[in-house]
Amino acid sequence: VSMSKFEPDRFINFEKMDNNIKIVKDRLQRPLTLSEKIVYGHLDDPLNQDIERGVSYLRLRPDRVAMQDATAQMAMLQFISSGLPKVAVPSTIHCDHLIEAQIGGEKDLARAKDINKEVYNFLATAAAKFGVGFWKPGSGIIHQIVLENYAFPGVLLIGTDSHTPNGGGLGGVCIGVGGADAVDVMAGIPWELKCPKVIGVKLTGTLQGWTSPKDVILKVADILTVKGGTGAIVEYFGSGVESMSCTGMGTICNMGAEIGATTSTFPFNHRMASYLAATGRKGVAEEASKFQHILVADEGAEYDRIIEIDLNELEPHVNGPFTPDLGNPISKLNKSAVENDWPLDIKVGLIGSCTNSSYEDMCRSASVAKQALDKGMKAKSMFTVTPGSEQIRATIERDGLADIFRDFGGVVLANACGPCIGQWDRRDIEKGEKNTIVTSYNRNFTGRNDANPETHAFVASPELVTAMVISGDLRFNPSTDSLTAPNGEKFKLESPHGDELPVKGFDPGQDTYQEPPPDSSNVAVDVDPESNRLQLLTPFPKWDGKDYVDLPILIKVKGKCTTDHISAAGPWLKYRGHLDNISNNMLIGAVNSDNGKINNVKNQLTGEFGSVPDTARQYKAQNVGWVVIGDENYGEGSSREHAALEPRHLGGRAIIVKSFARIHETNLKKQGLLPLTFASASDYDKIQPSDRISLVNLKGLQPGQPIECQIKHDNGSSESILLNHSMNETQVEWFKAGSALNRMASS
């Protein structure tokens, strides 16, 4: 059976996967979890591959690659540098990140097409030239498009976006990566992944009332925190799984990115089969049913940790503010809001995004809005709706759901990421004004949605967000609290309801797909040397074989430092294809431990204070390398590899932290930087921002061996500490070559 209707000559190979699994089981002599079956089923060499959870580096052969437009620019620029004529595996580009929410869907899309014409043309022609499918602006969010067209049970898919795990809702292992990883796979090179541990989440009971699949992951985030899933795949199982739709499972997997998990997945079941049939892939469902045994965990499979959640007892959650792992059960939100002095008036409610924009999500939310309309009420807060795809937009328009939202006071935005990633021209408040928004998104770091550090963003299910904007009050609990209609009647909202799949089938809407031509020899991919949006890449210099001596500290970061802090999105997205220009946002959101300020550091050569990027450029101009000192889970959040490319471009040599988020650590390795962790976390406190750092004996760099770090204090004293790294032999070669791309080009 074909992988998708767009690739009729590419077939799903369950037989090969089954055979690989048999080889591995014969070697390991133990039952396998579902995620192990999928991952090991895609091993390049199942007979000889070392397999030890949390230790071995696996060499894998993913089925396909998906890229969103903001990260695809750099990925395709790197692929062009490889000199290869075509991609080796099915690959797609999805235009969803560059559309700013301002007025409404149609006008915002037209504006984006005009502003981003140069970038869209580059991506469209690069896709055509190198055999990549291209989804035009307006087609929808990458993860919804992948779920509707490309994900399937047992797939191993990598995507250049951290929420790629959304495809786990269809029983796949879908992993977010940086662009350099995508280039490896597109080049036909085995892809490396540290053998994941496996966290099992056993679900019992049934979802009911106001509780939704979103509340499952909000609860898991509360339990595991933003780094508790690092290095692990989260695998859901148990009788409770049967009470969830396929898209509901996708929601849970999608937001698994917020706990640092490698990915999340569910066992193949009839809900997935129904979704596959509804999206024109009945043949895939039938083929998967024949191989059911490889698409579920073995009896007696062992997990590294098991979490149990009784869905009968689970209540709706509203997580936040400022971090997605601060769990607030709805019954306790009132008290927490008052005690913490969170702004109680909800300024804006926003539903949709790649996490919650399915037909079922829209139906359940519309059922809540309809109850208010029937009582003569509308949303008290501003209210926006983001359809996940053109197919969802067209279907909710046809079925009258979009009209309900508009009558309710809502604005239907473009089929794109929009405010979820900071693409929001927000004008209802001043920057710096303390306020509350409630969203059905996945991420709520400081300034994430609107660049206002005083916006308290809370994350909940779309139906709960819809209910809360009727009252306009953060303390409102629809399970217990009443509303007052204009005629004075008090009433309570009934629990939301909605169809899992459209009764009339999906309306595909406009055709927004560009198929790569069979012959692309006449396709030209032009990059204007004068462009401020696109820039061809120059290879990074290889390591000169010398130790790093007396490097200044560009910044010692205090507290949370996500990829948003390292390389902000929002207005900076326009420069994602121009490394030098986007480097002007490097670490401008990180807090300097020296003075508690952002984007204000001391130049250790001149003694003057300046912005982080300007100071880095001054060091680079003097041929002086530098290091960054960071805290826990450094680089959590988005998969954006610009957070690694920018430090490399501006002369960074090493990033030294207490711990890394998985994707960011890999991205740093790919670009030839040294990602190092303190052997003792307390050594972070030994380093002062004015110190000089030496990393010695680098010629002896090898897997499993710590690096000696000599710290020279400005009072003349010095001390040595040990720094750990997780590089394997191949990754050490990347460092010596200057980058993984350099290594690939030389081999």
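Parameters and conventions
Residues numbered from 1 in each chain as written. Predicted model: local features only at pLDDT ≥ 70, side-chain atom pairs only at ≥ 80, totals over all residues. Heavy atoms only, no water. Phe/Tyr/Trp six-rings, centres within 6.5 Å; stacked < 30°, edge-to-face > 60°. Helix = DSSP H or I, 4+ residues; strand = E, 2+ residues; numbered from the N terminus. Buried < 20%, exposed > 50% of the residue type's maximum accessible area, 1.4 Å probe, protein only. Pairing = 2+ DSSP bridges. Axes fitted to C-alpha atoms, helices over the stretch in contact; angles between N-to-C directions. Parallel < 35°, antiparallel > 145°, perpendicular 65-115°, else oblique. Left-handed = near helix turned anticlockwise from the far one by under 90°. Contact = heavy atoms within 4.5 Å. Nonpolar A, V, L, I, M, F, W, Y, C, P; charged D, E, K, R; others polar. Salt bridge = Lys/Arg side-chain N within 4 Å of Asp/Glu carboxyl O.

(A) Up close: the packing of aromatic side chains. All chains considered together, the criterion is met by 19 aromatic pairs. Where W135 meets Y150, the ring centres are 6.4 Å apart and the plane angle is 85°; that geometry is what we call edge-to-face. In this pair, W135 sits in strand 6 (residues 133-135) while Y150 sits in the loop between helix 6 (142-149) and strand 7 (156-159), placing the two residues 15 residues apart along the sequence. The burial state of W135 is the same as that of Y150; both residues are buried. With a centroid separation of 6.4 Å and an interplanar angle of 85°, the aromatic rings of Y359 and F506 are classed as edge-to-face.

(B) Layout of the sheet that holds strand 15 (residues 382-386). As summarised here, the arrangement of the five strands in space is 16-15-14-17-18, forming an open sheet in which the pairing is parallel. In this open sheet, the two strands that pair with only one neighbour each are strand 16 (410-412) and strand 18 (455-459). The mean angle between the axes of side-by-side strands here comes to 20°, regardless of whether they run parallel or antiparallel. Relative to strand 18, strand 17 (residues 435-439) runs parallel, the two sharing five bridges. Residue pairing in the sheet places V438 in a bridge with F458 of strand 18.

(C) Local environment of the packing of helix 3 (residues 69-82) against helix 5 (residues 117-130). Here helix 3 crosses helix 5 at 50°, and the two axes come no closer than 10 Å. In this view, helix 3 runs oblique relative to helix 5, as classed from their interaxial angle. Handedness of the helix 3/helix 5 crossing: left-handed. Within the contact between the two elements, helix 3 uses D69, A72, Q73, M76, L77, F79 and I80 and helix 5 uses V119, Y120, F122, L123, A126 and F130. Its residues assigned to classes, the contact of helix 3 with helix 5 shows eleven nonpolar, one polar and one charged.

(D) Inspection of the pattern of salt bridges at higher detail. Going through the model one piece at a time under the given rule, you end up with 36 salt bridges. The salt bridge involving K375 is made with E489; its shortest N-O contact spans 2.8 Å. Highlighted residues: K375 in the loop between helix 13 (359-374) and strand 15 and E489 in the loop between strand 19 (483-484) and strand 20 (490-491), separated in sequence by 114 residues. Take E489: its relative accessible area is 33%, and that puts it in the partly exposed class. When the shortest N-O distance is used, the salt bridge between D425 and R427 registers 2.6 Å. Take R427: its relative accessible area is 66%, and that puts it in the exposed class. Connected through shared salt-bridge partners, R30, E36, R53 and D304 make up one network.

(E) Broad picture of unusual backbone geometry. Looking along the chain, the bond that leaves G320 and enters P321 is cis, with omega of 0°. Its identity is not glycine, yet T225 carries a phi of approximately 70°, on the positive side. You can see T225 is positioned in the loop between helix 8 (213-224) and strand 11 (232-237). A relative accessible area of 33% places T225 in the partly exposed class. Here N633, not a glycine, exhibits a phi torsion of approximately 50°, which is positive. Inspection of the secondary structure assignment puts N633 in the loop between strand 25 (626-629) and helix 20 (642-649). A relative accessible area of 4% means that N633 is categorised as buried.

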